[in-house]
Amino acid sequence: MSTLDTPTATLPFEPYRELDSAELTERIQAVRSQMGKELLILGHHYQQDEVIALADLRGDSYQLSKLAAQSRDCRYIVFCGVHFMAETADIVANRPEVLAGRDGWRVPVVLPDLAAGCSMADMAEIEQVENCWDELSEVIDMDRVVPVTYINSAASLKAFCGRHGGIVCTSSNARAVLEWAFERGDRVFFFPDQHLGRNTSMGMGIALEQMPVWDPFADELGGNSEEDIRGSKVILWKGWCSVHQMFRPEHVEMFRRRDPEIRILVHPECPREVFELADEFGSTNKIIQTIQQAPAGSRWAIGTELHLVNRLKQEHPDKEIHFLSPVVCMCATMYRIDLPHLCWSLENLAAGTPVNVIEVDDETAKWARIAIERMLDIG
Ligand code: SF4
């Protein structure tokens, strides 16, 4: 029997491309009404406006997973974000104790477009990280190295940290996590974002020379000498966010020349040269709070994803808000989540033929959860 003959066949995606925004929005709203509180649509701050408008909850990646896990009614999650976020939601929302409380019901976490990955997360693959660990063990005592992964990483890397006494961090708690790590070891192995690792470590007084960068494509020792590795405090992975990497010191200088009083506010995924010039820095949430609390009439140039900055502009017309770059820096992979994909995945979910369900295997989830829980215990 062909799938087209089957009443329960997955709805194909192609026809959804032909629908206009008004019809897609109406059909999405119809599924939301039909599924009620059992359905949670999560929208990351970097999503486009027409998608964010349809989300039940808006937040950063970890905040959204936590909120979803706390919902008593939620039976289905549609995550308008990128792949690692859907993995984290699956790990957190389907913890064994929560599953037991739901009579074993595993909440499916749907990513509307599987091509919505994260270029930064993709820069560290588990095999590369394991090879690095092995190579390092020929030079230093790995019992004294604590691996730390940014939450923007694959579940397999979080599990690696869980297995090796390590931990997960977010952009808002990176410093507290590094302090935790230094209470347990002499060195930190930080991946995948070199900028968050470097900016945070420098704020703790660690010198640049003590932070070699590990290039997974270099022939030996990630492109470092044995001396570099022995003298290290933090070994940084050569990864970066393609969005935040685009902000440059000359952008800061341009805004300061135009308006010496303007405040420069950046995300710690920005390169060090930009980070050091900024007046303030913080995670996505901190950036939002800073603008919310800023006095009317204050002027800001913000270095983070374009959709978020534009939304802050719209929501705070009493403040002058600029995007800290003359070129467009938006998260192209987040942008893949659009109304056609959202409508298609929702209608399949409502029809009982879920598509793009992200499921982390039990063993990986167990160790990843250990690394996440260590972070939560820090408070
Ligand atoms: S903004 Fe950067 S770190 Fe965030 S999902 Fe996009 S590529 Fe990944």
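Criteria and cut-off values
- Residues numbered from 1 in each chain as written.
- Predicted model: local features only at pLDDT ≥ 70, side-chain atom pairs only at ≥ 80, totals over all residues.
- Axes fitted to C-alpha atoms, helices over the stretch in contact; angles between N-to-C directions.
- Helix = DSSP H or I, 4+ residues; strand = E, 2+ residues; numbered from the N terminus.
- Parallel < 35°, antiparallel > 145°, perpendicular 65-115°, else oblique.
- Left-handed = near helix turned anticlockwise from the far one by under 90°.
- Contact = placed C-beta atoms within 7 Å.
- Nonpolar A, V, L, I, M, F, W, Y, C, P; charged D, E, K, R; others polar.
- Near = placed C-beta within 6 Å.
- Domains from an automatic or database assignment.
- Core = buried A, V, L, I, M, F, W, Y, C linked by C-beta atoms within 7 Å.
- Buried ≥ 20, exposed ≤ 12 C-beta atoms within 10 Å, placed from the backbone.
- Pairing = 2+ DSSP bridges.

A. The packing of helix 8 (residues 155-163) against helix 17 (residues 362-378), seen in detail. Contact geometry for helix 8 and helix 17: axes closest at 7 Å, N-to-C directions at 65°. Considering their axes alone, helix 8 and helix 17 lie roughly perpendicular with respect to each other. When you trace helix 8 past helix 17, the crossing you get is left-handed. Across the interface between the two elements, A155, S156, K158, A159, C161, G162 and R163 of helix 8 pack against T364, A365, W367, A368, I370, A371 and I372 of helix 17. Its residues placed into classes, the contact of helix 8 with helix 17 shows nine nonpolar, three polar and two charged.

B. Quick look at the site of the ligand. Not every one of the 13 residues close to the ligand is listed here, only the nearest: C118, M120, C241, V243 and C331. For the shell around the ligand, the class distribution of residues is eight nonpolar, four polar and one charged.

C. Main features of the domain arrangement of the protein. Assigned domains of the protein: these are domain 1 (3-117 + 335-358), domain 2 (121-241) and domain 3 (244-323). When residues of the side of domain 1 that touches domain 2 are traced back to their parent elements, those giving at least two are helix 4 (61-70) and helix 5 (83-93). Per-element tally for the side of domain 1 that touches domain 2: the top contributor is helix 5, with four residues. Of the residues that constitute the side of domain 1 that touches domain 2, the class distribution is three nonpolar, three polar and one charged.

D. Representation of the nonpolar core within the structure. By size, the foremost hydrophobic cluster in this structure holds 110 residues, and its most contacted members are I77, F79, A89, V148, V266 and I302. Apart from residues no more than four positions distant in its own chain, I302 is found in contact with L265, I287, V309, L312, I321, F323 and L324.

E. Highlighting the sheet that holds strand 2 (residues 57-59). The four strands are arranged 2-1-3-4 in an open sheet whose pairing can be described as parallel. Looking along the sheet, the strands with just one partner apiece sit at the ends: strand 2 and strand 4 (109-110). Against the sheet, helix 5 contacts strand 1 (39-44), strand 3 (76-80) and strand 4, and its axis sits at roughly 155° relative to strand 3.

F. Here's a closer look at the environment of I126. Tracing the chain through its elements places I126 in helix 7 (residues 126-137). The partly exposed category is assigned to I126, around which 15 C-beta atoms lie within 10 Å. Placed 214 residues apart in sequence, I126 and P340 show a C-alpha to C-alpha distance of 33 Å. Discounting chain neighbours no more than four positions away, the residues touching I126 are A154, S156, L157 and F160.

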